[in-house]
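Breakdown of the fold
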Amino acid sequence: MNWRSVKTIYVAEMARSLRTVLQSIVSPVISTSLYFVVFGAAIGTRISEVDGVSYGAFIVPGLIMLMLLTQSVSNASFGIFFPRFTGTIYEILSAPISYFEVVLGFVGAAATKSVILGLIVLATASLFVPFTIAHPLMMLLFLVLTSLTFSLLGFIIGIWADGFEKLQLVPLLVITPLTFLGGTFYSIDMLPPVWQVVTLANPVVYLVSGFRWSFYGMGDVSIWASLGMIALFLAVSLAVVNWIFRSGYRLKP
Amino acid sequence: MSDATVIHVEGLSKVYDSGFQALKGIDLEIRRGEIFALLGPNGAGKTTLISVICGLVNASGGKVLVDGHDNVHDYREARSRIGLVPQELTGEAFSTVWDTVSFSRGLFGKPASPVHIEKILRSLSLWEKRRSKLITLSGGMKRRVLIAKALAHEPQILFLDEPTAGVDVELRRDMWEVVRSLRENGVTIILTTHYIEEAEEMADRIGVIRAGELVLVEEKRELMRKLGSKALTLHLSEPLTRIPEALAGHDLTLEEDGHALVYTYDAARQGEGEEEPAGIAELLADLEAAGIHFKDLHTRQSSLEEIFVSLVREGA
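Residues numbered from 1 in each chain as written. Chains lettered and ligands numbered in written order. Predicted model: local features only at pLDDT ≥ 70, side-chain atom pairs only at ≥ 80, totals over all residues. Heavy atoms only, no water.

1. Some remarks on the nonpolar core
Soluble globular proteins tend to pack their nonpolar side chains together in the buried interior. By size, the foremost hydrophobic cluster in this structure holds 96 residues, and its most contacted members are A:Phe155, B:Ile7, B:Leu158, B:Phe159 and B:Ile189. Both domains that furnish three or more residues to this core are identified here as domain 1 (5–222) and domain 2 (228–315) of chain B. Setting aside its immediate chain neighbours within four residues, B:Ile189 contacts B:Glu34, B:Ile35, B:Phe36, B:Leu158, B:Leu160, B:Val179, B:Leu182 and B:Arg183. Judged by nonpolar contacts, the second largest core, of 43 residues, contains A:Leu122, A:Ile175, A:Phe215 and A:Ile223. (Core = buried A, V, L, I, M, F, W, Y, C linked by side-chain atoms within 4.5 Å. Buried < 20%, exposed > 50% of the residue type's maximum accessible area, 1.4 Å probe, protein only. Domains from an automatic or database assignment. Contact = heavy atoms within 4.5 Å.)

As structure tokens, then:
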């Protein structure tokens, strides 16, 4: 294991987000806070409790999840797409490092950023709405696993994309809709019976539900289904990344 | 593979997905400590060859050993010995010179060494620019940064893909100096170039690649000797209308409206035990006898460029 190389990539990636602190940290925190203000503090007081939790508190885990998914994907995808776009990828490909080490550096940095963001947003949320965390360790586990998995997905997108449009495509057209429809703003019990079944096909439901469980001890699906789903995601993403490097897809002609 | 060989390329071929065959069974040995120039027209396979050796492109067949290490199975050992300066001027636009060069060193797994980085930056006249962001640098300076990045991990072998493309003459001379001093420090240098002048100026050996095949690998001196020709031009005091009978035995042509006599001879005849290029003394004696006087003379040897053009044309 070439830890020095991993560290070099990791540190450079972290430094990149510090250089762009407004875009990579301040902006997601502000936009998520706006949701808390509008849906939690303003409208939330007029909505009755959901599953015995005030509406403002109910949406906290889902909103953090929404931010986590989109930020992980866009951070990680940009991280690897940019060197491909500018051509500096040559240096990474010619360095004496394994593919695993490259992924560890890039995805590790993207996931770290997401976890930090998640914690900042969590702290910010507590300023607007009162909430409790029933299982803090599980909450952290979900935070880390989700950040990691979706950073891997972002890495894959960053390699697949051959232009800036494709880079935005998945976060905007797939992740955001799935998260909005994945129980961020509602419990799926509130849906008509047919949609309750259909919505189970949405993988984000399991993530939001599991995360919410770690806050309030209850979710739309069992905590084990949520953990199973995130593990499955992680496994699939790892398999795809492995295939990308073995085949040289979009990296090595 | 002997100790003197630092890169061993055997039967290397590359067919791109498009079906284009960029390399057709290349065999090549690079000697430790030499400057090897790879010449060839656009699309001949120069960059592909370098890219395969450095690990940027997968080979379709054949193998590459770097200092005895297979560049696929033992890529860590192989790659750690190589520094690559790419053709394109790329770089993290918003990084500083210092940061980007330090990054390269770390990426190759070497412990940080501000002393070494300073040495490199100074030798490339980049020290004053160390805090500048890449985006603010000129093309020539960016090229130097790329060289600094490639040298950051103290490689034994340096690949320079078109190092002086788009670089002004003065800077090109500076760059040559840098390359020479690297060689003095024992670094093996492989460069591709369009500027034949560059190969002529610097290389110990020359390889010519054409349509994916190495058509020639030769010592530069040997190549110039074998394929070059020399011409002696005599500027006459009085113009001639035709070559006099007395001089018919020499290979002469009349040029510049009869103001110059040009004697062409084979450069290869030089140095083969003959003190003097064959025929010059006789020619001068015959001129004297024929009463032809000249006011000036010069000799010129065909350049590598002419040799190269004729080689590449041959196969076209």
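There is more to say, and it comes next.
2. Considering the pairing of strand S11 (residues 229–236) of chain B
Residues and elements named next belong to chain B. For S11, the tally of buried residues reaches 7 of 8 residues, placing the bulk of the element in the interior. Summarising the sheet, S11 and strand S14 (residues 294–301) pair through 7 bridges and their orientation is antiparallel. Considered in S14, the bridge of Ala231 is made with Arg300. (Helix = DSSP H or I, 4+ residues; strand = E, 2+ residues; numbered from the N terminus. Pairing = 2+ DSSP bridges.)

3. Focus: empty space enclosed by the protein
Empty space among the atoms becomes apparent when a probe as large as a water molecule is rolled across them. Inspection of every chain in the model, using the stated rule, returns 4 cavities of 30 Å³ or more. Lining the largest cavity are A:Ile80, A:Ile89, A:Ile92, A:Leu93, A:Ile97, A:Tyr99, A:Val102, A:Phe245, A:Leu251, A:Lys252 and B:Arg79. Of all the secondary-structure elements, those providing two or more residues to the lining of the largest cavity are helix H4 (89–94) and helix H5 (99–128) of chain A. The biggest single contributor to the lining of the largest cavity is H4(A), with 3 residues. Within the lining of the largest cavity, the residues separate by chemical class into 9 nonpolar, no polar and 2 charged. What lines the second largest cavity is simply A:Tyr90, A:Glu91, A:Ser94, B:Gly83, B:Leu84, B:Phe108, B:Lys149, B:Ala150 and B:His153. For the lining of the second largest cavity, the element with the most residues is H4(A), which contributes 3 residues. Here the lining of the second largest cavity is built from residues that sort into 4 nonpolar, 3 polar and 2 charged. (1 Å grid on protein atoms, 1.4 Å probe; cavity = no way out; pocket = protein on both sides within 12 Å on 5 of 7 lines; lining within 4 Å. Points joined across faces, edges and corners; volume = space filled by probe spheres on them. Nonpolar A, V, L, I, M, F, W, Y, C, P; charged D, E, K, R; others polar.)

4. Let's talk about the sheet that holds strand S5 (residues 69–70) of chain B
Two strands in a sheet stick together by hydrogen bonds in their backbones, pointing the same way (parallel) or opposite ways (antiparallel). Residue and element names in this part refer to chain B. Strands sit in the order S2-S1-S4-S5 across an open sheet of 4 strands; the sheet is antiparallel. The outermost strands of the open sheet, each flanked by one partner alone, are strand S2 (21–31) and S5. Where strand S4 (residues 61–66) meets S5, 2 bridges bridge the pair, whose relative direction is antiparallel. When the sheet's bridge partners are listed, Val66 is paired in S5 with His69.

5. Quick look at unusual backbone geometry
All names here are of chain B. You will see that Glu162, though not glycine, has its phi angle at about 50°, which is positive. Topologically, Glu162 is positioned in the loop between strand S7 (157–161) and helix H6 (169–184). Look at Glu256: it is not a glycine, yet its phi comes out positive at around 50°. Along the chain, Glu256 turns up in the loop between strand S12 (252–255) and strand S13 (260–266).

6. A word on the domain arrangement of chain B
Domain annotation of chain B identifies domain 1 (5–222) and domain 2 (228–315). The gap between the C-alpha centroids of domain 1 of chain B and domain 2 of chain B is 41 Å.

7. Re the packing of helix H3 (residues 97–107) of chain B against helix H4 (residues 114–123) of chain B
Residues and elements named next belong to chain B. Running from amino to carboxyl end, H3 crosses H4 at an angle of 120°, the nearest separation of the two axes being 11 Å. In terms of their interaxial angle, H3 and H4 are classed as oblique. The interaxial crossing formed by H3 with H4 has right-handed handedness. Side by side, H3 and H4 meet where Val97, Trp98, Val101, Ser102 and Arg105 of the first sit next to Pro114, His116, Ile117, Glu118 and Leu121 of the second. The residue inventory of the contact of H3 with H4, partitioned by class, reads 6 nonpolar, 2 polar and 2 charged. (Axes fitted to C-alpha atoms, helices over the stretch in contact; angles between N-to-C directions. Parallel < 35°, antiparallel > 145°, perpendicular 65-115°, else oblique. Left-handed = near helix turned anticlockwise from the far one by under 90°.)

8. Focus: the packing of helix H5 (residues 139–151) of chain B against H6(B)
Residue and element names in this part refer to chain B. The contact between H5 and H6 brings their axes to 11 Å, and the two run at 10°. Taken together, H5 and H6 sit at an angle that is classed as roughly parallel. Along its contact with H5, which presents Gly140, Arg143, Arg144, Ile147 and Leu151, the element H6 presents Leu171, Asp174, Met175 and Leu182. For the contact of H5 with H6, a count of residues per class yields 5 nonpolar, 1 polar and 3 charged.

9. Structural notes on a nonpolar patch on the surface
Residues and elements named next belong to chain A. Together, Leu18, Val21, Leu22, Val26, Ile30 and Leu34 make up a nonpolar patch on the protein surface, roughly 560 Å² of accessible area in all. Among the elements that take part in the nonpolar patch, helix H2 (residues 21–42) stands out by supplying 5 residues, more than any other. Its location among the elements puts Ile30 in helix H2. By relative accessible area, Ile30 is classed as partly exposed at 48%. (Patch = residues over 30% accessible without salt bridge, like charges linked within 9 Å, V, L, I, M, F, W, Y side chains within 5 Å. Areas by Shrake-Rupley, 256 points an atom, 1.4 Å probe, with all protein chains shown as cover. Salt bridge = Lys/Arg side-chain N within 4 Å of Asp/Glu carboxyl O.)

10. Regarding the packing of aromatic side chains
All names here are of chain A. Across all of its chains, the model carries 17 aromatic pairs over all chains by this definition. Ring centres of Trp243 and Tyr249 lie 5.2 Å apart, and the angle between their planes is 40°; this geometry places the pair in the tilted category. Residue classification places Trp243 among the partly exposed positions, given a relative accessible area of 47%. According to the relative accessible area criterion, Tyr249 is partly exposed, its value standing at 25%. Grouped by ring-pair contacts, the aromatic residues Tyr99, Phe106, Phe155 and Phe245 constitute a single cluster. (Phe/Tyr/Trp six-rings, centres within 6.5 Å; stacked < 30°, edge-to-face > 60°.)

11. Re the side chain of A:Ser151
Its place among the elements puts A:Ser151 in helix H6 (residues 136–160). Sequence-distant contacts of A:Ser151, that is, excluding residues within four places in its chain, are made with A:Ser72, A:Ala76, A:Val107, A:Ala110, A:Ala111 and A:Ser114.

12. Section: the interface of chain B and chain A
Contact residues are listed per partner, giving 28 residues for chain B and 24 residues for chain A. Interface of chain B and chain A: buried area, both sides summed, is about 2400 Å²; carbon and sulfur atoms make up 56% of it. Contact with chain A buries area across many residues of chain B, yet B:Leu56, B:Arg76 and B:Leu107 alone supply 26% of it, more than any other trio. The partner of B:Arg76 in a salt bridge is A:Glu101, with the nearest N and O atoms 2.7 Å apart. Where chain B meets chain A, there are 10 residue pairs in polar contact (both at pLDDT 80 or more). When residues of the side of chain B that touches chain A are traced back to their parent elements, those giving at least two are helix H2 (75–80), H3 and H5 of chain B. Of the residues contributing to the side of chain B that touches chain A, the split by class is 13 nonpolar, 9 polar and 6 charged. (Buried area = accessible area lost by both parts, 1.4 Å probe. Polar contact = N/O pair within 3.5 Å; in protein donor to acceptor, adjacent residues only side chain to side chain.)

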